[in-house]
Amino acid sequence: MRIVLLGAPGSGKGTQGRRLAAHFGVPHVSSGDLLREHVAAGTELGRQVSGYLDRGDLVPDDVVLAIVGEAVMAGVATGGYVLDGYPRTLSQAVDAHRLAVTADVAAEAVVYLDVPDAIARDRLMGRAESRSDDTAVVAERRLAVFHDLTVPLLDYYEARGILARVDGVAAADEVFDAIVAAVVPFARR
Ligand code: ADP
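Residues numbered from 1 in each chain as written. Predicted model: local features only at pLDDT ≥ 70, side-chain atom pairs only at ≥ 80, totals over all residues. Heavy atoms only, no water.

Student: In this structure, what is going on with the pattern of salt bridges? I would like to understand it.
Tutor: Pairing between side chains of opposite charge can happen when the charged atoms of each approach one another. One pass over the structure, following the stated rule, counts eight salt bridges. For Glu140, the salt bridge is made with Arg121, and the minimal N-O distance between the two is 2.5 Å. Pair noted here: Glu140 is in helix H7 (residues 136-150) and Arg121 is in helix H6 (residues 117-126), with a separation of 19 residues, a long-range link. One network of salt bridges, in which partners are shared, links Arg55, Asp57 and Arg141. (Salt bridge = Lys/Arg side-chain N within 4 Å of Asp/Glu carboxyl O. Helix = DSSP H or I, 4+ residues; strand = E, 2+ residues; numbered from the N terminus.)

Student: Is there a simple way to explain the packing of aromatic side chains in this structure?
Tutor: For any pair of aromatic rings, the description rests on two quantities: the centre-to-centre distance and the angle between the ring planes. Going through the model one piece at a time under the given rule, you end up with one aromatic pair. Their ring planes at 70° and their centres at 4.9 Å tell us that Tyr156 and Tyr157 sit as a pair that is edge-to-face. The cationic tip of Arg19 hangs over the ring face of Phe176; the distance from NZ or CZ to the ring centre is 4.7 Å. (Phe/Tyr/Trp six-rings, centres within 6.5 Å; stacked < 30°, edge-to-face > 60°. Lys NZ or Arg CZ within 6 Å of the ring centre and 35° of its normal.)

Student: Looking at this model, I keep getting lost on the side chain of Glu108. Mind explaining?
Tutor: If you trace the backbone, Glu108 turns up in the loop between helix H5 (90-103) and strand E4 (109-114). There is no salt bridge for the buried Glu108, and the closest opposite charge comes from Arg2, which lies 4.1 Å off by N-O distance. From its side chain, Glu108 meets the backbone nitrogen of Arg2 in a polar contact 2.6 Å long. (Buried < 20%, exposed > 50% of the residue type's maximum accessible area, 1.4 Å probe, protein only. Lys, Arg positive; Asp, Glu negative; His and termini not counted. Polar contact = N/O pair within 3.5 Å; in protein donor to acceptor, adjacent residues only side chain to side chain.)

Student: I tried to follow unusual backbone geometry on my own but got confused; where do I start?
Tutor: With the exception of glycine, most residues fall at negative phi, and the peptide bonds are largely trans. Cis geometry marks the peptide bond from Tyr86 to Pro87, where omega comes out at -5°. Positive phi outside glycine occurs at Asp104, with the angle close to 55°. Relative accessible area serves as the criterion here: at 53%, Asp104 is assigned to the exposed category.

This is the structure:
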């Protein structure tokens, strides 16, 4: 199964992404996790991106594409992927689709985890002690970036006929069941 998860910061993409990946037996590929791993390990790439992460800004497209692309291709070899955090802009989506079609690894379903900003904010503040980009100022920036750059992807995927909108406010177990029910009809094999 090849799934892309879209949603505001705090929408539950990480939690649901891990569970979906386990459920479908495919890797959870989180662009944010991959970037944070580079920062934590102090790699050259990590040094290049840490400023963007700390401000809540998007890191340059070519950097994200390189690390996500590698993880996606590794996932495909094992049966698919749950992609969380990428693509995040229309240009990333167009690039990703062009490459994915060439390699025959395009997403079968895109899940939008729909959560009002007020709830996303509460959740981000709840985890602020564990992540340096969850302070109030940076969380606002990430929410603004989401509305400006990521929300337009909903129309793009809707037009491709692969978008499933799921209410992300309910308890995690309910959201999980709703996602599975929403994506299964899209599975092509
Ligand atoms: P959240 O879903 O809470 O916004 P993520 O873990 O997905 O958090 O992303 C954290 C940060 O990593 C983003 O604010 C951004 O700086 C960077 N990042 C993640 N994915 C991308 C992407 N596709 N393009 C550019 N930057 C990204």
